[in-house]
Every structure is written in C-alpha cells, then in structure tokens.
Amino acid sequence: MEVHLPDVPMLKILSYLDAYSLLQAAQVNKNWNELASSDVLWRKLCQKRWLFCGMVTLQLLGTETWKEFFVFRTRQEHAKSRAIREDFIYKEIPADYGVRAHPCYISGRGLTRKGQGRPVVCMVTSVNRISTWDIQEGVLTWVSPVQQVGIKLLTTLPELHIAITVDIQSTIKLWDCHNSEALATSNLESPCKLLKAVFTKDGPIVLAGDTLGNLYIFRIPDLHLISKLNVFQCSINELSCSPQKKWIFLNRKHLHILPKVFYMDSLLRTSEFSAPVSTILKFSLCQRAFWTPRMEDRITLMSIRRTRKITKFITFDMKLKDIQNKITVKEQFVASFSVPDNMGRPKWFGVSGKDVIVCSTGSSLLLFNIKGVYLQTIMYYTDWILRLWMDPIYVIVTFNNGSLIVYSWEERCRQLNRCYHLQSRRRLPQQSFINKTLCDDVSIIRVMTTHSIPSFLMAYILTSDLLN
C-alpha cells in the first residue's frame, strides 16, 4: 500500500537532497517527478553552486526552468574539463586599446541551452572610441563616436550588455553598446582610480574610487549617486566584492594603512543605517585579497614583506552582530601561515571552495590549505608564470611565451587536475606583455601588448558541438 505525503512536507524532505539524488527521486512516479523538478529546489541548488544565480533571472540565463539550467550548465563544465586542444577555435583580434582601459567581456555567461550567446568583448581604442567585437566571428559589432576627452577606465556588466567608462576629467558614462550616445553621465570630485560594475540583490550598481580615497556608488542605469564615503586619506588601490556582493573589501597598499571591509547593505540602504557598517582588518602590507568561492563571508589576504622576503597568508570570516538594535561587523580570525623561504616567493594567488590556497612563484604552483598544510607542487622547468586566474572550477596559469595551462579541481581531493595546454599560434617578440586574461564558459582571451608589432587579443573558443 502506497503512502502519499502532502506536497509541503515532501518538498521539505526533498530539499535536503543533492542534485543527483533529486534526479533519482524524479524517476519514482509522476507525482515525485513533479515535486523533484520544482524550481524552488533547483534554484537553491543553482545558487549554492553558482552564486550569481541569486541575482539573475532565468530569462537572462536563457532557460525555462532552474533544473534545466543546472543540468545544462553542469554538462558544459564537464565538457570543458574534458576538452582537448583540437576542440578550440583560435582567433586573433586587433586590439587598438588604451594602455589602462583593458578589454572586458560584454556578452553573457556563454552559450545558452538554445545555442545562443557568443563571446563578445568591449574595448577602448586609442582614438577614444568604445567598440565591441564578436570574438568567434572576428568582426566589429558596434563602435561609439569619438570622445573629446581621453577614456581612462572601462568596466562592463555582461548580464545587461552594459559598459561604463570614466575619462581623464572624471566623467562617468554608461553605454548600452547599441546607441551612439551614452545613456547616462555623472561626475567624480577627483580623478578616478578604480571602476567596477556589479549585480547586487538591490539591483546593478557602479563602484568608483578616486585619488582622495572616496568610494562612490551609483545606480544603474541612470547613474544616480546612492552614497559616497571617504575610506582612506589617499587613493584606494584595490576593490573587490564577495561572491554574492554582501561585502566590499577596500585596500591601500601602505605600511601604515590597514584594509577595510564594508557591509554592502549599509552603503545601498543609507536611510536604514545611521552610518556605514565596516571593520578594519589588522593585517599590514596587504598586497592581494581573495574571497572564498561559495563561502560568502570568508576572505584570505596575502602580504609580502620585501625586506625579510616573507610571504604570509591570513583568513578571516566576517560576522554581523546586532547589539542594542545596532548592526556591527567584526572580523573573526580563522587561520594564518607563512610560506617557507625555500619554496619561493608567491606573487599571485587564489582560493578554492574547499579552502585551498593556490599561489604562483616564477616557476611553480604551490597548494596549501588555509592553515598552511602543504598539499601539492606543480613545477614548470622551461616557462615563466606571468599570471594566475581562477574561479570555483578552473585554475588558468599563463606564461611568458603566450601559452596557458588549464586545470580543474579534483572532485574527491584538494589537488589540481591538468586539463589542457593551449599554445600561442605565433612566435611572440621577446618584449611582449600579457596584460590580462579573460575567461567565460566558452572562451579564454589573452590581452597582448608588444613594442614591435600591433597589440592584439588571442582567443581560444570552444566549439559549440562540444558544449551542446
């Protein structure tokens, strides 16, 4: 005799299952299939695996249900991990961009279930135009009129196909990359040093830092000023947001200035807070910071004490407290360690969702857990590491010869698995510089600057047959 539980307690029970178990439960009968396919359950799984899902709609993601998105996106990730060099299309795009305004993606997050979506980048040219390029086709798709004032910085919000620029007169402009004129403009009080556009639970915003240490927050799309505060007495060097944009990390790389973390809600909902809610991280000479993927409140900092040649890592958790109806934030120390002298001097680093720190020296990758327990070394005997790029799934190591190696995280241990090695299709001049690496679901793009030949973008694009 079958026992039928009401839908509400059944959904509660199913909410404790992982994706694989939910798919199995859906095979029991028609009623279980309907409940196990609920958007409530699958949206929760999507948000846990890909934090950006908490701030976008299914329409933006190009699917009809959250289950459909989860299955398709997971299949894409597995396909990308199993790819070989022959699965990539190689393209070179002329990049007549400014020195500081590096290209940015302006397309969405790769191919949708219907095969739509191509890698498209936005860049600033040396003649003060903004242009967009379809990387797969290698064609120019849009260009703005020439701007009278030099463009200094560029950022994009790919989910909305929006670009934001700031010029040398501190004027911020918002572009939809379809019309010839900017949709909105605003101004800073002093020269801009940092520019970033992000999606928050309150909507899309622009963050800008100036040379006086001020942080500005503007609303998209009208660039209405939401808030402004003075963070430091001098310019801000680094700005990064936690995965779901709950926190903002701000830093000035200086011996006597300590980094700060602000609670985003207190900056966006100024009427609900008497003052910005923040804390100071007691860690001097911070060179870089990285928020732990899928752990919204955890951040790891790296310092390099050049006189003693010591590299140190420290990890904090941010904790909100409500004391007498007043919200405060306090950092909670988690772990710290120093890299042994004989292992080299790390320059770049990132953190995985399993609390593994990956750092690069000139000729090797070093893996530790956040307490300093050594896990793995990957040596490169002939190439020199330039940059390290990572997300919750992949680690990309770029080299001085124009090549790159893609790694993925092992499912059952805290080590890296090598996926493929992509090499440059042309011999690069000795004095060449790879300024930036971009990566989305279907492409890897490298920004190349040289003295002897025109600058260009090197793009590796996965074939659609592999992803569909």
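Residues numbered from 1 in each chain as written. Predicted model: local features only at pLDDT ≥ 70, side-chain atom pairs only at ≥ 80, totals over all residues. Heavy atoms only, no water.

**Q** So what about the pairing of strand β12 (residues 214-219)? Which residues, and what values?
**A** Summarising burial for β12: five of the six residues are buried, a large majority. In this sheet, β12 lies alongside strand β11 (residues 203-210) in antiparallel orientation, the contact comprising five bridges. Bridge pairing links Gly209 to Leu215 in β12. Here β11 folds back onto β12, and the loop between the two strands holds three residues, one of which, Gly213, carries a positive phi near 85 degrees. Pairing between β12 and strand β13 (residues 225-230): five bridges, direction antiparallel. What sits directly across from Leu215, in β13, is Leu229. Hairpin connection of β12 to β13: five residues between the antiparallel strands, including Leu223 at a positive phi of 55 degrees. (Buried < 20%, exposed > 50% of the residue type's maximum accessible area, 1.4 Å probe, protein only. Helix = DSSP H or I, 4+ residues; strand = E, 2+ residues; numbered from the N terminus. Pairing = 2+ DSSP bridges.)

**Q** So what's going on with the side chain of Ser186? Which residues, and what values?
**A** Within the secondary structure layout, Ser186 lies in strand β9 (residues 184-187). Exposure remark for Ser186: the relative accessible area of 14% places this residue in the buried category.

**Q** Tell me what's going on with the pattern of salt bridges, and back it up with residues and numbers.
**A** A side chain of one charge can pair with a side chain of the opposite charge when the charged atoms of the two come close. This model, assessed by the stated rule, comprises 10 salt bridges. As a salt-bridge pair, Lys201 and Asp265 come within 3.3 Å of each other at their nearest N and O atoms. Of this pair, Lys201 sits in the loop between β10 (192-200) and β11 while Asp265 is found in helix α7 (residues 264-268), placing the two residues 64 residues apart along the sequence. Taking the relative accessible area as the measure of exposure, Asp265 reaches 7% and is therefore buried. Salt bridges sharing partners connect three or more residues here, namely Lys201, Asp202, Asp265 and Arg269. (Salt bridge = Lys/Arg side-chain N within 4 Å of Asp/Glu carboxyl O.)

**Q** Can you explain the confidence of the model for the chain? Please cite residues and give values.
**A** It should be kept in mind that the predicted coordinates are not to be read in detail where pLDDT is low. Averaged over all residues, the pLDDT of the chain equals 84, while 87% of them reach at least 70. Segment residues 110-116 is flagged for pLDDT under 50; beyond a separation of four residues in sequence, or across chains, it makes 24 contacts in the model. (pLDDT = per-residue confidence, 0-100. Contact = heavy atoms within 4.5 Å.)

**Q** I'd love a proper account of the sheet that holds strand β4 (residues 130-134), names of residues and values included.
**A** Backbone-to-backbone hydrogen bonds pair the strands of a sheet. The strands run either parallel or antiparallel. Taken in spatial order, the four strands of this open sheet run β2-β3-β4-β5, and their pairing is antiparallel. Only two strands of the sheet have a single neighbouring strand rather than two, namely β2 (104-105) and β5 (139-143). Sheet analysis places strand β3 (residues 120-124) next to β4, joined by five bridges and oriented antiparallel. Among the inter-strand pairings, Val124 is bridged to a residue of β4, identified as Ile130.

**Q** Describe unusual backbone geometry, and please don't skip the residues or the numbers.
**A** Pro221 follows Ile220 through a cis peptide bond whose omega is 20 degrees. With respect to the helices, strands and loops of the structure, Pro221 is situated in the loop between β12 and β13. Positive phi is not limited to glycine here, since Lys245 has a value of about 65 degrees. Inspection of the secondary structure assignment puts Lys245 in the loop between β14 (238-241) and β15 (247-251). Of note in the backbone geometry, Asp355 takes a positive phi value of approximately 60 degrees without being a glycine. With respect to the helices and strands, Asp355 occurs in the loop between β22 (348-351) and β23 (356-360). By relative accessible area, Asp355 is classed as buried at 13%.

**Q** Describe the environment of Ile299, and please don't skip the residues or the numbers.
**A** Within the secondary structure, Ile299 sits in strand β19 (residues 298-305). As for Ile299 and Phe249, which are separated by 50 residues in sequence, their C-alpha atoms are 9.0 Å apart. Once residues within four sequence positions are removed from consideration, Ile299 is found in contact with Phe249, Ala289, Phe290, Trp291, Ile314, Thr315, Phe316 and Met318.

**Q** Break down the sheet that holds β14 for me, citing the residues and quoting the values.
**A** Read from one edge to the other, the open sheet built from four strands follows the order β14-β15-β16-β17, with strand pairing classed as antiparallel. Strands at the two margins of the open sheet, each flanked by one partner only, are β14 and β17 (278-280). The mean angle between the axes of side-by-side strands here comes to 15 degrees, regardless of whether they run parallel or antiparallel. (Axes fitted to C-alpha atoms, helices over the stretch in contact; angles between N-to-C directions.)

**Q** I'd like a rundown of the environment of Cys177, residues and numbers included.
**A** Counting through the fold element by element, Cys177 comes out in the loop between β8 (171-175) and β9. Residue Cys177 is classed as buried on the basis of its relative accessible area of 2%. Separated by 15 residues in the primary sequence, Cys177 and Ile162 place their C-alpha atoms 6.6 Å from one another. Apart from residues no more than four positions distant in its own chain, Cys177 is found in contact with Ile106, Cys122, Thr132, Trp142, His161 and Ala163.

**Q** So what about helix α6 (residues 66-81)? Which residues, and what values?
**A** Here α6 contains 16 residues, and its C-alpha end-to-end distance of 23 Å stays within 8% of the 22 Å for a straight helix at 1.5 Å per residue. Within α6 the residues assigned to the buried category are Trp66, Phe69, Phe70, Phe72, Arg73, Thr74, Gln76, Glu77, Ala79 and Lys80. (Expected span 1.5 Å × (residues − 1).)

**Q** Hey, could you go over the nonpolar core for me, with residue numbers and the actual values?
**A** Counting 34 residues, the largest nonpolar core has Leu14 and Val406 as the members making the most contacts within it. Ignoring sequence-local partners within four residues, the contact set of Leu14 consists of Leu22, Ala25, Leu35, Ala36 and Leu41. If you look at the next biggest cluster of nonpolar residues, it comprises 31 residues, including Phe313, Phe337, Leu367 and Ile378. (Core = buried A, V, L, I, M, F, W, Y, C linked by side-chain atoms within 4.5 Å.)

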